[in-house]
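# Residue-level structural notes
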Amino acid sequence: MKNRKVVLAARPDGQLKESDMRVVEEEVAELGDGMVLLQIEHLSIDAFIRTTFDEAAFHGTAELGNAIIALGTARVLDSRFEGLHQGDAVFGPVCAQEKVALPGVMLQKIDDSQLPARCHLGVLGLTTGMTAYAGMLKVAKVKKDDLVVVSAAAGAVGSCACQIAKLQGATVIGIAGGEEKGSFLREEIGCDSTIDYKQGNVSEQLMELAPEGVDVFFDNVGGEILDDVLANIRPGARIVICGAISQYERVGEVNGPVNYLKLAERNASMGGFTVNYFEQDYPEMQENLGKWVMEGSLRLPEHIEEGIDQFPKALTLLFSGGHKGKLMVAP
Ligand SMILES: NC(=O)c1ccc[n+]([C@@H]2O[C@H](COP(=O)([O-])OP(=O)(O)OC[C@H]3O[C@@H](n4cnc5c(N)ncnc54)[C@H](OP(=O)(O)O)[C@@H]3O)[C@@H](O)[C@H]2O)c1
């Protein structure tokens, strides 16, 4: 049986190019004991994938010529693993490809009777809904009447983070690039107001929208945007570093915040997190996210690129911001 997979062809030099990745064909491995044969249905396009293309990466370094790491959902075609059967939906580190044989212990069975399996990559997913939940509720501890700012607000984590803050009774300002994303955030995601960082100074726009300052900043971007928000924090503010997508293509030259002294002047705190540190809270997160989705108070639009050949384009789109909501590839 044939498989088509996307491999790393060259280590990117700064900005990622589609030509840094290549699609190759191979035979799927024979099924051994404890293994499961999968047809991959959806791949989650995540920023951490780009970070694995560099040497000494936090999430492990990709080898040239190997299938690129990616989380995904898949359907079981054949199983020699006791806990999984043909037709089951699963989640796991399936990599950027169409089919794969993996040890069953690496996979998590998904209940797709009420919501499509791909929701476990998006609104219910570890790197999306659960990340937004952990950052907003466990780290920032956002509460009623907080003034909350979210960067990359129209993306996957950002769209969920904005809605989770609104569900707590906060006022939410979303930062995103372009007016189309601004109206998406106000009309579909429920942000109270938005800032287009591509049009004018973020610090000045924030001063107008939040003259008394910001209580919580959920940062997905880093760099200048982090500095602009730090200049506008209120006493006791909580700054949460979820990610820094503006810095991932410049490893070794990361720009740290110039305005960090505002933390001392405003008795504020800044903390980072990775969702894996909150494993003990996964059941609570899954239960609440699922409940909000079912009752219609949390929604995450999806942008799905069709075909494994589109994986390189999709990964570059994540950095150019050519999508709204959760970006995925359906191989
Ligand atoms: N801490 C954790 O455990 C964890 C887990 C998952 C993800 N994350 C982080 O969460 C963040 C968002 O990830 P995601 O998967 O939800 O991606 P996403 O927000 O769906 O896509 C990334 C967005 O970032 C914006 N962006 C890209 N480059 C930028 C730049 N130079 N300046 C300003 N904005 C830029 C683009 O939107 P615009 O059009 O608005 O520019 C783009 O749509 C990433 O930093 C990621 O590393 C953290």
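Not measured: the values here are computed from a predicted model.

## Points about the nonpolar core
Inside soluble globular proteins, nonpolar side chains tend to come together where they are buried. Core analysis: the largest hydrophobic core is formed by 43 residues, its most contacted members being Met136, Val148, Val150 and Leu289. Shared between two domains, this core takes at least three residues from each, and those domains are domain 1 (2–121 + 300–330) and domain 2 (129–276). The residues touching Leu289, leaving out its near neighbours within four places in the chain, are Val123, Leu124, Gly129, Met130, Tyr133, Ile164 and Leu298. By size, the runner-up hydrophobic cluster in this structure holds 40 residues, among which are Ala47, Phe48, Ala96 and Leu107.

## As for the pattern of salt bridges
Charged atoms that come close allow side chains of opposite charge to pair. What the rule picks out here adds up to 27 salt bridges. In this structure, the salt-bridge partner of Lys138 is Glu284, at a minimum N-O distance of 2.9 Å. On the criterion of sequence distance, the pair formed by Lys138 in helix 2 (residues 129–139) and Glu284 in helix 8 (residues 282–295) is long-range, its members being 146 residues apart. You can call Lys138 partly exposed: its relative accessible area is 22%. One salt bridge in this structure joins Arg299 and Glu188, with 3.6 Å as the shortest N-O distance. A residue pair is termed long-range when its members are at least 10 positions apart, and Arg299 in the loop between helix 8 and strand 14 (302–306) and Glu188 in helix 4 (residues 179–189) qualify at 111 residues. A residue is classified by how much of its surface remains accessible, and Arg299, at 39% relative accessible area, is partly exposed. Bridged by salt links that share partners, the residues Arg4, Glu98 and Asp309 form one connected network.

## Things to note about the pairing of strand 14
For strand 14 and strand 15 (residues 326–330), the ladder comprises five bridges, and the chain directions are parallel. Bridge pairing in strand 15 links Glu302 to Lys326.

## Details of the side chain of Asp88
Within the secondary structure, Asp88 sits in the loop between strand 4 (72–79) and strand 5 (89–92). Using a relative accessible area of 14% as the deciding quantity, one classes Asp88 as buried. Separated by 2.8 Å, the side chain of Asp88 and the backbone nitrogen of His85 make a polar contact. Once residues lying within four places of it in the same chain are set aside, the contact partners of Asp88 are Ala74, Arg75, Val76, Gly83 and Lys109.

## Thoughts on the site of the ligand
Near the ligand lie 27 residues; those nearest to it are Val157, Lys181, Tyr197, Tyr248 and His323. A distance of 2.9 Å separates a nitrogen atom of the ligand from a polar backbone atom of Cys242. A distance of 2.7 Å separates an oxygen atom of the ligand from a polar atom in the side chain of Tyr248. Against a free-state accessible area of 920 Å², the protein chains account for coverage of 89% of the ligand. Every element with two or more residues in the shell around the ligand is listed here: helix 3 (156–167) and helix 9 (311–320). In terms of residue class, the shell around the ligand is made up of 15 nonpolar, 11 polar and one charged. Residue contributions to the shell around the ligand reach at least three from each of two domains, namely domain 1 (2–121 + 300–330) and domain 2 (129–276).

## Things to note about the domain arrangement of the protein chain
The domain architecture assigned to the protein chain consists of domain 1 (2–121 + 300–330) and domain 2 (129–276). Computed over C-alpha atoms only, the centres of domain 1 and domain 2 are separated by 29 Å. Counting residues at the interface gives 17 residues for domain 1 and 15 residues for domain 2. Buried area between domain 1 and domain 2, both sides added, is near 1300 Å², and the carbon and sulfur share of it is 65%. For the domain 1 face of the interface with domain 2, the top three residues by lost area are Leu300, Phe319 and Lys324, together amounting to 38%.

Reading guide: rules and limits
Along each chain, residue indices are assigned from 1 in the same order as the chain's sequence is written. For this predicted model, a pLDDT threshold of at least 70 governs which residues receive local features, and a threshold of 80 or more governs which side-chain atom pairs are given and counted, while totals over whole chains, interfaces and linings are taken from all residues. To obtain the side-chain values, all non-hydrogen atoms of the structure were used and water was disregarded. Side-chain atoms within 4.5 Å are what join buried Ala, Val, Leu, Ile, Met, Phe, Trp, Tyr and Cys residues into a set we call a nonpolar core. Here's how the labels work: a residue is buried when its accessible area is under 20% of the maximum for its type, exposed when over 50%, partly exposed in between, all with a 1.4 Å probe on protein chains only. Note that the domain bounds reflect an automated or database-derived domain assignment. Every residue pair with non-hydrogen atoms within 4.5 Å of one another is taken to be in contact. Every case where a carboxyl oxygen of Asp or Glu lies within 4 Å of a side-chain nitrogen of Lys or Arg is listed as a salt bridge. By definition, any uninterrupted DSSP run of H or I lasting at least four residues is a helix, any uninterrupted run of E lasting at least two residues is a strand, and each is numbered from the N terminus. The pairing criterion for strands is at least two bridges between them, as found by DSSP. Between N or O atoms, a polar contact is any pair within 3.5 Å; within protein, one atom must be a potential hydrogen donor and the other a potential acceptor, and residues adjacent in sequence are included only when both atoms are from side chains. The nearness test applies per residue and asks whether one of its heavy atoms lies within 4 Å of the molecule or strand. Calculation of accessible area relied on Shrake-Rupley with a 1.4 Å probe; when residues are assessed, cover is drawn exclusively from the protein chains displayed. Here the term charged refers only to Asp, Glu, Lys and Arg, the term nonpolar to Ala, Val, Leu, Ile, Met, Phe, Trp, Tyr, Cys and Pro, and the term polar to all other amino acids, Gly among them. A 1.4 Å probe defines the accessible area here, and the buried area is the portion of it lost by two parts on being joined, summed over both.

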